[in-house]
There are 2 protein chains.
Amino acid sequence: MSGRGEIDRLVTLLGRLPGLGPRSARRAALALLRQPHARMLPLAEAMEQAARAVRTCSTCGNLDTTDPCGICADPARDDGLVCVVENVGDLWALERAGVHRGVYQVLGGTLSALSGMGPDDLNVQPLFDRIAAGGVREVILALGTTVEGATTMHWLHERLARFDVQVSRVGQGVPVGGALDVLDDGTLAAAIMARRPA
Amino acid sequence: MSGRGEIDRLVTLLGRLPGLGPRSARRAALALLRQPHARMLPLAEAMEQAARAVRTCSTCGNLDTTDPCGICADPARDDGLVCVVENVGDLWALERAGVHRGVYQVLGGTLSALSGMGPDDLNVQPLFDRIAAGGVREVILALGTTVEGATTMHWLHERLARFDVQVSRVGQGVPVGGALDVLDDGTLAAAIMARRPA
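Quick notes on the rules
- Residues numbered from 1 in each chain as written.
- Chains lettered and ligands numbered in written order.
- Predicted model: local features only at pLDDT ≥ 70, side-chain atom pairs only at ≥ 80, totals over all residues.
- Heavy atoms only, no water.
- Least-squares fit on C-alpha atoms with pLDDT ≥ 70 in both.
- UniProt positions renumbered as here; feature names shortened; annotations may be inferred.
- Helix = DSSP H or I, 4+ residues; strand = E, 2+ residues; numbered from the N terminus.
- Pairing = 2+ DSSP bridges.
- Axes fitted to C-alpha atoms, helices over the stretch in contact; angles between N-to-C directions.
- Contact = heavy atoms within 4.5 Å.
- Buried area = accessible area lost by both parts, 1.4 Å probe.
- Salt bridge = Lys/Arg side-chain N within 4 Å of Asp/Glu carboxyl O.
- Polar contact = N/O pair within 3.5 Å; in protein donor to acceptor, adjacent residues only side chain to side chain.
- Phe/Tyr/Trp six-rings, centres within 6.5 Å; stacked < 30°, edge-to-face > 60°.
- Lys NZ or Arg CZ within 6 Å of the ring centre and 35° of its normal.
- Expected span 1.5 Å × (residues − 1).
- Buried < 20%, exposed > 50% of the residue type's maximum accessible area, 1.4 Å probe, protein only.

Enquirer: Sorry, what's going on with the relation of the copies chain B and chain A here?
Expert: Expressed as a screw transformation, the operator carrying chain B onto chain A has a rotation angle of 180° and an axial translation of 0.0 Å, and the superposed copies differ by an RMSD of 0.1 Å. Such a combination of rotation and displacement between the chain copies is what one expects of a two-fold axis. Closest to the rotation axis within chain B is the C-alpha of alanine 44 of chain B, separated from it by 2.2 Å.

This is how it looks when you write it as structure tokens:
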């Protein structure tokens, strides 16, 4: 390595980002070091601005620069239709797809004995409050179909049964554009069970 | 996406780093946004410090926080043995391996008609000056064995012939720990030609 503190520190911190190992952290650091003014300072500034601006939406748990977030504050969104997701990354994925015109509830995790996540650790009370205040027609459970996701959906389904609200969950089956022979047995079984008249 | 400028800008700039596509840039941005004070601000600060501190060594072309760089300034390094590399990433790789106790010359590229890199674009005059000033016994050409690397080594070899200096190049052959059946024909041919008594 260079032996100089600032460069090593940059490589170390970049290497802690998800998706960047030591090798790609060095490549990224070099790319930044080669263009300190054109690339590194703008990125540093963007990080500082984002760190200062970011806040958690007290309504839904989304990360945004306003509270309530842009989605909760948007009058064009249907706040009677709440989609429950595990994290902000899932929310971003649904927004990119543009398939949900309602609002969200970001749990911040799933029930997991292994990682010690219990019902009290989920950001779910705001959802119950919203439903109790009236105006929510339907809750879509859009969690992953891992054991933890399924457990969490089951628990939420039970908790939501006492409210007068329709509860649905995302469909399971063959991904669009997906080949059957690479799918696991569970997905294939779900796809067969979810079959529809052609 | 979030629809908020600061977050989008962060994702965009992260996505321009080598090795990070849009997907991994979003993951990295989310990891930083979740811990703005514990993760994002320290990284931003490290970038600013590195951007302020980094300079190019006027002797060898290395990136460091001092000029001359720590390697050129180190009295324990053999400045009579100069290893020519294409870029700072290659220098870092050799330093990690700890296999070169001399100094370096970082060319900043290789001769390439395609990308318009000619002899005048290579950071090589400081090497000729160092040799002309005396004290350099050997120059090791440690460029990659691409067409451009081989062309550059050939050109350098010719240019260095007029100096009283020994010129060598890194050995070619089977990588340590490498299987033969995944190697290309050129490497296999080089390995056979470079055979030694067992």
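Enquirer: Even after reading the chapter, I still don't get the UniProt feature "zinc finger region: C4-type" (unreviewed entry) in chain A, so can you show me in this structure?
Expert: UniProt tags residues 57-72 of chain A as "zinc finger region: C4-type" (unreviewed entry). What you have in residues 57-72 of chain A is 19% helix and 12% strand, and the ends, taken at the C-alpha atoms, are 8 Å apart.

Enquirer: Can you help me understand the sheet that holds strand S3 (residues 78-85) of chain A in this one?
Expert: Picture the strands of a sheet paired through backbone hydrogen bonds; they go either parallel or antiparallel. Residue and element names in this part refer to chain A. Reading across the sheet, the four strands line up as S4-S3-S5-S6 and stay open at both edges, with parallel pairing between neighbours. The open sheet terminates on both sides in strands that have one partner only, identified here as strand S4 (102-106) and strand S6 (166-169). Put simply, the sheet's adjacent strands are angled 25° from each other on average, direction ignored. Sheet topology places S3 next to strand S5 (residues 138-141); four bridges connect them, and they run parallel. Residue pairing for S5: valine 82 is matched across the bridge by valine 139. Those strands touched by helix H6 (residues 125-132) are S3, S4 and S5, and its axis lies near 140° from that of S4.

Enquirer: Looking at this structure, how should I read the sheet that holds strand S4 (residues 102-106) of chain B?
Expert: All names here are of chain B. The strand order across the open sheet built from four strands is S4-S3-S5-S6, with neighbouring strands paired in parallel fashion. In the strand order of this sheet, the two ends are held by S4 and strand S6 (166-169), each with one partner. Across the sheet, the mean angle separating the axes of adjacent strands is 25° when strand polarity is ignored. Where strand S3 (residues 78-85) lies against S4, five bridges are found, and the strand directions are parallel. Residue pairing across strands places aspartate 78 opposite glycine 102, the latter belonging to S4. Packing against the sheet, helix H5 (residues 88-97) makes contact with S3 and S4, and its axis sits at approximately 160° to S4. Each of S3, strand S5 (138-141) and S6 touches helix H7 (residues 147-160); the most contacted strand, S5, lies at about 165° to it.

Enquirer: Help me understand the interface of chain B and chain A in this model?
Expert: It is common to give the size of an interface as the accessible area that goes away when the parts come together. The partner chain A presents 49 residues to the 49 residues of chain B that form the contact. For the pair chain B and chain A, the summed buried surface comes to about 4800 Å²; carbon and sulfur atoms form 72% of the total. Viewed at the interface, chain A and chain B are joined by zero salt bridges. For the pair chain B and chain A, the interface holds two residue pairs in polar contact (both at pLDDT 80 or more).

Enquirer: Whenever I open this one, the packing of aromatic side chains confuses me. Can you help?
Expert: Geometry of an aromatic ring pair is reported as the spacing of the ring centres plus the angle between the planes. All names here are of chain B. Tallying each qualifying case throughout the model produces two aromatic pairs over all chains. Pairing phenylalanine 128 with phenylalanine 163 gives two aromatic rings, centres 5.8 Å apart and planes at 25°, and the pair type is stacked. Of this pair, phenylalanine 128 sits in helix H6 (residues 125-132) while phenylalanine 163 sits in the loop between H7 and S6; the two residues are 35 residues apart in sequence, bridging distant segments of the chain. Between arginine 162 and the ring centre of phenylalanine 128, over which it is positioned, the NZ or CZ distance is 5.8 Å.

Enquirer: When you look at helix H2 (residues 22-34) of chain A in this model, what are you seeing that I'm missing?
Expert: Three or four residues apart is the spacing at which side chains of an α-helix point the same way, because the helix has 3.6 residues per turn. With 13 residues, H2 of chain A should reach 18 Å at 1.5 Å per residue; the first-to-last C-alpha distance of 18 Å fits that figure. Listed in full, the buried residues belonging to H2 of chain A are Ser24, Ala25, Arg26, Ala28, Ala29, Leu30, Ala31, Leu32 and Leu33 of chain A. Tucked inside the fold, the buried residues of H2 of chain A contact helix H1 (5-14) and helix H3 (36-53) of chain A together with helix H3 (36-53), strand S2 (63-64) and H5 of chain B.

Enquirer: Looking at this model, I keep getting lost on the UniProt feature "domain: Toprim" (unreviewed entry) in chain A. Mind explaining?
Expert: Per the UniProt annotation, the sites labelled "domain: Toprim" (unreviewed entry) are residues 80-175 of chain A. Summarising residues 80-175 of chain A: 33% helix, 20% strand, and an end-to-end C-alpha distance of 28 Å.

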